[in-house]
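Architecture and fold: a report
So the chains spell out like this:
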Amino acid sequence: MLPSSLPDRDARIMADAERPDPGGPPLSRDSLSAPSSSATRRNDCSVAPLTPSASPRAEVRPRMACPFSVVVAIDFGTTSSGYAFSFTEDSEAIIHVMKRREGGDPGVADQKSPTCLLLTPDLRFHSFGFAARDFYHDLDPDEARHWLYLDKFKMKLHSACDLTMETELEAVNGRRVTAVEVFAHALRFFREHALKEVKEQTSSVLERDQVRWVITVPAVWRQPAKQFMREAAYVAGLASADRPEQLLIALEPEAASVYCRKLRLHQVTDLSLRPIANGTDADGSLPFDSSFRQAREQLRRSRHSRTFVVQSGTGELWSELLTGDKYVVADCGGGTVDLTVHQIEQPQGTLKELYKASGGPYGAVGVDLAFESMLSQIFGDDFIRSFKVKRPAAWVDLTIAFEARKRTVAPGRANALNISLPFSFIDYYKRHRGQSVEAALRRSNMNIVKWSSQGMLRLTQEAMNELFQPTVANIVRHIEELMSKPEVRGVRFLFLVGGFAESPVLQKAVDKALGRTCRVVIPHNVGLTILKGAVLFGLDPTVVRVRRCPLTYGVGVLNRFVKGRHPQDKLLIKDDRQWCTDILDRFVSVDQSVALGEVVRRSYTPARPCQRKIIINIYCSATDDVTYISDPGVRKCGTVTLELPEPLAAPAAGGSARREIRATMQFGDTEIKVTAVDVMSKRSVRASIDFLSN
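These remarks concern the structure in this document.

The rules behind the values
- Position numbers for residues start from 1 in each chain and track the written sequence from start to end.
- Owing to the predicted nature of the model, reporting of local features is limited to residues with pLDDT of at least 70; listing and counting of side-chain atom pairs is limited to 80 or more, with chain, interface and lining totals taken over all residues.
- Computation of side-chain values covers all heavy atoms of the structure but excludes hydrogens and water.
- The helix and strand labels rest on DSSP assignments: H or I over at least four residues marks a helix, E over at least two residues marks a strand, and numbering proceeds from the N terminus.
- Contact definition: two residues touch when any of their heavy atoms are within 4.5 Å.
- Any two strands between which DSSP finds at least two bridges are classified as paired.
- For every element, the axis is a line fit to its C-alpha atoms; helices are fit only across the contacting stretch, and the angle between N-to-C directions ranges from 0 to 180 degrees.
- Using a 1 Å grid laid over the protein atoms alone, points where a 1.4 Å probe fits but cannot get out form a cavity; open sets with protein on both sides within 12 Å along at least 5 of 7 lines form a pocket; any residue with an atom within 4 Å of a point counts as lining.
- Grid points are joined across faces, edges and corners, and a volume is the space filled by probe spheres set on the points.
- Take the buried Ala, Val, Leu, Ile, Met, Phe, Trp, Tyr and Cys residues and link them wherever side-chain atoms come within 4.5 Å; each set so joined is a nonpolar core.
- Here's how the labels work: a residue is buried when its accessible area is under 20% of the maximum for its type, exposed when over 50%, partly exposed in between, all with a 1.4 Å probe on protein chains only.
- Working definition: roughly parallel below 35 degrees, roughly antiparallel above 145 degrees, roughly perpendicular at 65 to 115 degrees, and oblique for all remaining angles.
- Note on convention: the crossing is left-handed when the near helix lies turned anticlockwise from the far helix by less than a right angle, right-handed when the turn is clockwise.
- Classification convention: Asp, Glu, Lys, Arg as charged; Ala, Val, Leu, Ile, Met, Phe, Trp, Tyr, Cys, Pro as nonpolar; all other residues, Gly among them, as polar.
- Under the pairing criterion, centres of Phe, Tyr and Trp rings, with the six-membered ring standing for Trp, must be within 6.5 Å; the plane angle then separates stacked pairs below 30 degrees from edge-to-face pairs above 60, leaving the rest tilted.

1. Observations regarding the environment of Asp 331
Mapped onto the fold, Asp 331 is located in strand 19 (residues 326–332). Each C-alpha atom of the pair Asp 331 and Pro 253 lies 5.5 Å from the other, and the pair is 78 residues apart in sequence. Excluding anything up to four places from it in sequence, Asp 331 contacts Glu 252, Pro 253, Thr 336, Val 337, Asp 338, Val 497, Gly 498 and Ile 530.

2. Side note on the sheet that holds strand 10 (residues 148–151)
Taken together, the three strands give an open sheet; going across it, the order is 9-8-10, and neighbouring strands pair in antiparallel fashion. The sheet is open, and its two edges are formed by strand 9 (125–128) and strand 10, each paired on a single side. When strand polarity is set aside, the average angle formed by the axes of neighbouring strands in this sheet is 20 degrees. Against the sheet, helix 4 (residues 179–201) touches strand 8 (116–119), strand 9 and strand 10, its axis set at about 65 degrees to strand 9.

3. Some points on the sheet that holds strand 23 (residues 449–452)
Hydrogen bonds between backbone atoms are what pair the strands of a sheet, whose relative direction is either parallel or antiparallel. On the basis of which strands lie adjacent, the open sheet formed by three strands has the order 22-24-23 and antiparallel pairing. The sheet is open, and its two edges are formed by strand 22 (417–420) and strand 23, each paired on a single side. On average, adjacent strands in this sheet sit at an angle of 30 degrees to one another, irrespective of strand direction. Inspection of the sheet shows strand 22 paired to strand 24 (residues 456–459) by four bridges, in the antiparallel sense. Looking across to strand 24, one finds that Asn 418 is bridged to Arg 458. Those strands touched by helix 13 (residues 437–444) are strand 23 and strand 24, and its axis lies near 160 degrees from that of strand 23.

4. Here we look at empty space enclosed by the protein
Scanning the model with the defined rule gives two cavities of 30 Å³ or more in all. Volume-wise, the largest cavity comes out at about 60 Å³. Put simply, the parts of the chain that give the lining of the largest cavity at least two residues each are strand 33 (613–621), strand 35 (661–666) and strand 36 (673–678). Sorting elements by how many residues they give to the lining of the largest cavity places strand 36 first, with three residues.

5. Section: the nonpolar core
Leu 150, Val 449 and Leu 459 are the most contacted members of the largest nonpolar core, which has 147 residues in total. The element that contributes the greatest number of residues to this core is helix 4, accounting for 12 residues. In contact with Leu 150, other than residues within four places in its own chain, are Thr 115, Cys 116, Leu 117, Leu 119, Leu 169, Glu 170, Ala 171, Val 177 and Val 182. One finds Val 594, Leu 644, Phe 667 and Val 674 within the second-largest nonpolar core, a separate group that totals 30 residues.

6. Digging into the packing of helix 1 (residues 130–138) against helix 11 (residues 392–406)
It is the contact of helix 1 with helix 11, at a shortest axis distance of 8 Å, that shows an interaxial angle of 130 degrees. One element, helix 1, and the other, helix 11, form an angle in the oblique class. Considering the relative orientation of helix 1 and helix 11, their crossing is left-handed. Here Arg 133, Tyr 136 and His 137 of helix 1 lie close against helix 11, whose contacting residues are Pro 392, Ala 393, Val 396, Asp 397 and Ile 400. Partitioning the contact of helix 1 with helix 11 into residue classes produces five nonpolar, one polar and two charged.

7. Things to note about the packing of aromatic side chains
Considering all chains together, one arrives at 25 aromatic pairs under this definition. Where Phe 183 meets Phe 228, the ring centres are 5.5 Å apart and the plane angle is 85 degrees; that geometry is what we call edge-to-face. Here Phe 228 lies in helix 5 (residues 223–236) and Phe 183 lies in helix 4, a separation of 45 residues in the sequence. A relative accessible area of 0% places Phe 183 in the buried class. Taking the centre distance of 4.9 Å and the plane angle of 75 degrees together, the rings of Phe 387 and Phe 425 count as edge-to-face. Within this pair, whereas Phe 387 is found in helix 10 (residues 381–390), its partner Phe 425 is found in helix 12 (residues 423–433), the two being separated by 38 residues in sequence. Each member of the pair, Phe 387 together with Phe 425, is buried.

8. Description of the packing of helix 4 against helix 5
The description of two helices packed together rests on the angle between their axes and the distance between the axes. Running from amino to carboxyl end, helix 4 crosses helix 5 at an angle of 60 degrees, the nearest separation of the two axes being 8 Å. Relative to helix 5, helix 4 is oriented oblique. Helix 5 is crossed by helix 4, and the crossing has right-handed handedness. From helix 4, Ala 179, Val 180, Phe 183, Ala 184, Leu 187, Arg 188 and Arg 191 reach across to helix 5, where they touch Phe 228, Met 229, Ala 232, Ala 233, Val 235 and Ala 236. Among the residues making up the contact of helix 4 with helix 5, the classes are represented as 11 nonpolar, no polar and two charged.

In structure tokens, the structure reads:
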């Protein structure tokens, strides 16, 4: 890397327009981010190009035997997390889901653990999941204020616009700790428990490098968040920078899509097959009553099993799809909703992404935040903030009680929903305000929430609708907007997956809005769909053959200045030659289809014979309508550095020896891969773009 004192333009690449790419037409020069200082010190790291190549080219990669003995997938969720694994030598994919840990919530059946972490007052790891929550609950209130309890912290990676390795998270008691430390603790917990279970299933000695790890992330996450998860996994010991191929980052809706390929008809609930007229089912009963009871019973039975056999080939549901048919996967999780559109490629059963992943922070946490907002309206925002700090364990108790009751909410429910208030809440409010909770409710004039003499808040159907409606409406609106895109029209199936997809309220809203245009299908045991799909993705990462690029990527270059075409303020005179600075040399464009294994190559030459370091700045933009790196919306997003060995001898007078630096970028995987090679020395630098330091 360059010292920080060097100007931004030192990392620019000088493009030689006199030597076009012999393999194809030159790539258009349109776009990128802004330079910062004068050109007086540009000589240190400049590069002048040999052959700017055209669009991505496919590298044929032969299908190789899997070098790993076992694939372990970790579904790291906002509200709950878990792991599963499968041995690569099994003739059929047998997926083993994590053992059920001690603890649990009344009314909530789940094989995964809540995503909560407990650190000691001196910041050492104590516990994760149910164990963390239960221990924290049992601490003395005065002692609990010194412990660090963190939950639902995954959302920080989605919302942070300046994510770095120094980003901090705030525990319930207000103390802060670095985010990478928190995520590494959680991943290390899963690593230790998963390896222990794997060893129980095999008699052979398992070496560390025989395990392939897969971590799921939302498809709408920006590149810095994806890189952050990889760095945290390195800290946790899942893989290392020397062996990055041991860790795969899987996109959550993609993983679900991979699993849905295997579904049999008896493994799904098809909402669209139930006729509805005048708000009732064909038999006159309230909609979503008996069928959802049946789905919940199926879910309860399936959760007793920890082993799932995934048969080879594709499922019966897939046999209804023809080559070219489209379907949407809506991953409705705790924190985010992710939408992806895939097209079937038969007969091999591979998948092609038709539209770049979309979504937003519309997960089930939105209902929790609405409940907290309702409490603030009733009891006062200052009281709720104070209660969370002074009685953190009791606040966790209240959120657990709401979570358990929230899952029972269904359309057509007539009776109120009772939420138990912890005694410490009632007592603290009386001490803090000098009056009872019941008096606060009366004073608030919130008629949709009542008080029970048994110490419970009674939420009417209207109150529950008020809590659910904004989040559910956002999800439905986003799916409808996606379905209106020209590339997505003609979708036959909509798969609802993720923990929030279990909600009858969400199911009814989606089916009502979209059930007449496509079949709305929910896999049984829907909360484990992504986890099991991530295992299958780890067994065969080539199953998604074509993806859509979420951004425009390229490098900032200097090109021959053309008077009348280039603006005068971009003119740079160097060695008596006129250059146009700040031009974006595009590698790929936003929403461009890029196949697995396709690469973009560029060849450059150092601007000075004695140059010892090449720094190539990578820029990105959310649109394709950009020309210069100084255009609005264009930013520097990464850097590739190449340390050069001794340079070639200076060419004789009239000679043409030029040193070639060849750069390659690969965009078809879930992460961007970058390499650069000094052709003379064969020295290469393999580096992913560093998104966390820009």
